[in-house]
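# A structural walkthrough
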Amino acid sequence: MATIEECRAALDKLSDSMGDAEGDVRAAASMERSVSCHVTDLDVTFAGRLTGGRIEVRETFPGPPREKAQIRLAMTGDDLVALVDGGLHFARAWASGRVRLEAGLRDLFQLRKLL
């Protein structure tokens, strides 16, 4: 099972990848939105903002998200690490229910370029 530190490192790696992206991916990553990632098996939430093409984690706390972020992810720690490392395909994980993504319709259209 992935640790909180490994999950945080995975989010940092994802942020770095988004910051280095170009074209449509870069444009999609440049949204300004609140974001949360609930790691279900650890019952911890990382909350922050998608800003300037990066994810800024501003808070880590136990339990589910305290506030409804504009973009909300939920998955196990192992799935988060595997997604970022390329061992798990997002669309398959989402279709099978391993990953939950909730956002407004417009944001979902933009996010599909990232994922």
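Here the structure is shown first, and the text comes after it.
A few points on the structure. Every value quoted in this text rests on a predicted model; they were computed, and no experiment measured them.

### Notes on the packing of aromatic side chains
Tallied over the entire structure, the rule returns zero aromatic pairs. If you follow Arg-66 out to its NZ or CZ, it ends over the ring of Phe-61, 4.0 Å from the centre.

### Describing the pairing of strand β2 (residues 44-51)
Along any regular strand, the residues point their side chains to alternate faces of the sheet. Among the eight residues in β2, seven count as buried, and that is most of the element. Direction of pairing for strand β1 (residues 33-39) relative to β2: antiparallel, over a ladder of seven bridges. Paired with Val-39 across the bridge in β2 is Val-44. Adjacent in sequence and paired antiparallel, β1 and β2 are bridged by four residues, among which Asp-43 carries a positive phi angle near 50°. Where β2 meets strand β3 (residues 54-62), eight bridges bridge the pair, whose relative direction is antiparallel. Of the residues in β3, the one forming a bridge with Phe-46 is Thr-60.

### Digging into the nonpolar core
Of all hydrophobic cores here, the largest spans 26 residues; its most connected members are Val-39, Phe-46, Ile-71 and Leu-80. Within the residue set of this core, elements represented by two or more residues are α1 (4-19), β1, β2, β3, β4 (71-75), α3 (77-85), α4 (90-95) and β5 (100-103). A total of four residues in this core trace back to one element, the largest contributor, which is α1. Apart from the residues within four sequence positions on either side, Val-39 is in contact with Cys-7, Val-44, Phe-46, Met-75, Thr-76, Gly-77 and Leu-80.

Quick notes on the rules
- Residues numbered from 1 in each chain as written.
- Predicted model: local features only at pLDDT ≥ 70, side-chain atom pairs only at ≥ 80, totals over all residues.
- Heavy atoms only, no water.
- Phe/Tyr/Trp six-rings, centres within 6.5 Å; stacked < 30°, edge-to-face > 60°.
- Lys NZ or Arg CZ within 6 Å of the ring centre and 35° of its normal.
- Buried < 20%, exposed > 50% of the residue type's maximum accessible area, 1.4 Å probe, protein only.
- Helix = DSSP H or I, 4+ residues; strand = E, 2+ residues; numbered from the N terminus.
- Pairing = 2+ DSSP bridges.
- Core = buried A, V, L, I, M, F, W, Y, C linked by side-chain atoms within 4.5 Å.
- Contact = heavy atoms within 4.5 Å.

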